[in-house]
Amino acid sequence: MVIESYRESWIADFNALQAVLEEALALLPITFEHIGSTSVPGLAAKPLIDIDLIFDQRVAFTEIKSRLALVGYRHVGNQGISGREVFKRGQTIDMHSLLDSIPHHLYGCREGSSEVHKHRLFRDYLIAHEEARIHYQQLKYALAQEANQDRKRYAQLKEQKATVFIDGIVEMARNEQMQAPTNRPR
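Residues numbered from 1 in each chain as written. Predicted model: local features only at pLDDT ≥ 70, side-chain atom pairs only at ≥ 80, totals over all residues. Heavy atoms only, no water.

Q: Looking at this structure, I do not really get the sheet that holds strand S2 (residues 49-55). What am I missing?
A: For sheets, the rule is that strands pair by backbone hydrogen bonds, running either parallel or antiparallel. Overall, mixed pairing links the 5 strands, which are arranged S1-S2-S5-S4-S3 in an open sheet. Of all strands in the sheet, those bounded by a partner on one side alone are strand S1 (30-35) and strand S3 (73-75). This sheet shows a mean twist of 30° between the axes of neighbouring strands, independent of strand direction. Across 6 bridges, S1 lies against S2 in antiparallel orientation. (Pairing = 2+ DSSP bridges. Helix = DSSP H or I, 4+ residues; strand = E, 2+ residues; numbered from the N terminus. Axes fitted to C-alpha atoms, helices over the stretch in contact; angles between N-to-C directions.)

Pasting the structure below:
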């Protein structure tokens with residue numbers, strides 16, 4: 001099945017992956033964020049953990065690439081999305097008991113990039129707005145049904161049909177953020 005009901009174990013999966021990645025990238029000024037549908041409590045999703053590896057301007061991207069290569073990741077470029085670098089598990093002889101057992105996507109993004117901002121806005125809006133979360137879930141189920149549970153077809157349909165919804169949510173989140181009162185001293 002392409003889409004599964006929400007599982008609380010997705011949080012533990014993210015935390016486990018984060019611990020291994022933090023060890024691999026020890027002492028670098030980086031953070032990790034659980035993004036995507038598995039990061040939204042109550043939202044049905046593909047059982048695939050999306051992770052943003054967010055790195056400081058002081059970090060050389062080549063250092064991140066070389067350290068991740070040591071634990072079996074290969075850099076495959078931005079795959080058409082500026083500001084987001086994609087890492088995939090390599091075809092290594094030595095399997096990693098955790099990294100190869102939890103399906104995940106790993107994205108490298110510089111702190112302050114538009115992609116990081118977009119990922120946070122979308123996730124946080126769905127967490128805060130139940131009606132948007134329900135609508136998105138219904139859309140995902142409809143796309144999975146139309147794709148006849150074929151993962152590749154689902155990804156194509158999502159790109160074609162869900163992008164407008166996602167962009168709309170991000171825009172609403174930006175507007176909401178801009179309208180939020182600030183705590184400025186008077």
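Having put the structure on the table, let's press on.
Q: For this particular structure, what's the right way to read the environment of Leu-98?
A: With respect to the secondary-structure elements, Leu-98 resides in the loop between strand S4 (85-89) and strand S5 (104-110). Separated by 82 residues in sequence, Leu-98 and Ala-16 place their C-alpha atoms 7.8 Å apart. If near-sequence neighbours (up to four positions away) are discounted, Leu-98 is found in contact with Ala-16, Leu-17 and Val-20. (Contact = heavy atoms within 4.5 Å.)

Q: Explanation requested: the packing of aromatic side chains in the structure shown.
A: The relative placement of two aromatic rings is captured by the distance of their centres and the angle of their planes. Tallying each qualifying case throughout the model produces 5 aromatic pairs. Aromatic side chains Phe-122 and Tyr-136 sit 5.3 Å apart centroid to centroid with 90° between the ring planes, which places their arrangement in the edge-to-face category. Linking Phe-122 in helix H3 (residues 114-128) with Tyr-136 in helix H4 (residues 130-146), this pair joins segments that are 14 residues apart in sequence. Across this residue pair, the class does not change: Phe-122 and Tyr-136 are buried. Among the aromatic residues, those joined into a ring-pair cluster are Phe-55, Phe-61 and Phe-87. Positioned above the aromatic ring of Tyr-73, the side-chain terminus of Arg-89 is 4.8 Å from the ring centre. (Phe/Tyr/Trp six-rings, centres within 6.5 Å; stacked < 30°, edge-to-face > 60°. Buried < 20%, exposed > 50% of the residue type's maximum accessible area, 1.4 Å probe, protein only. Lys NZ or Arg CZ within 6 Å of the ring centre and 35° of its normal.)

Q: Sorry, what's going on with the pattern of salt bridges here?
A: Oppositely charged side chains can form a pair if their charged atoms are brought close together. Tallied over the entire structure, the rule returns 11 salt bridges. When the shortest N-O distance is used, the salt bridge between Asp-56 and Arg-58 registers 2.8 Å. Accessibility expressed as a relative area gives 67% for Arg-58, which makes it exposed. Of the charged contacts in the structure, one is a salt bridge between Lys-161 and Glu-146, with a shortest N-O distance of 2.9 Å. Here Lys-161, found in helix H5 (residues 151-179), pairs with Glu-146, found in helix H4; they are 15 residues apart in sequence, far enough to count as distant. According to the relative accessible area criterion, Lys-161 is partly exposed, its value standing at 40%. In this structure Glu-146 comes out as partly exposed when scored by relative accessible area, which is 42%. Counted as one network, the salt bridges with shared partners bring together Glu-33, Glu-111, Arg-120, Arg-123 and Asp-124. (Salt bridge = Lys/Arg side-chain N within 4 Å of Asp/Glu carboxyl O.)

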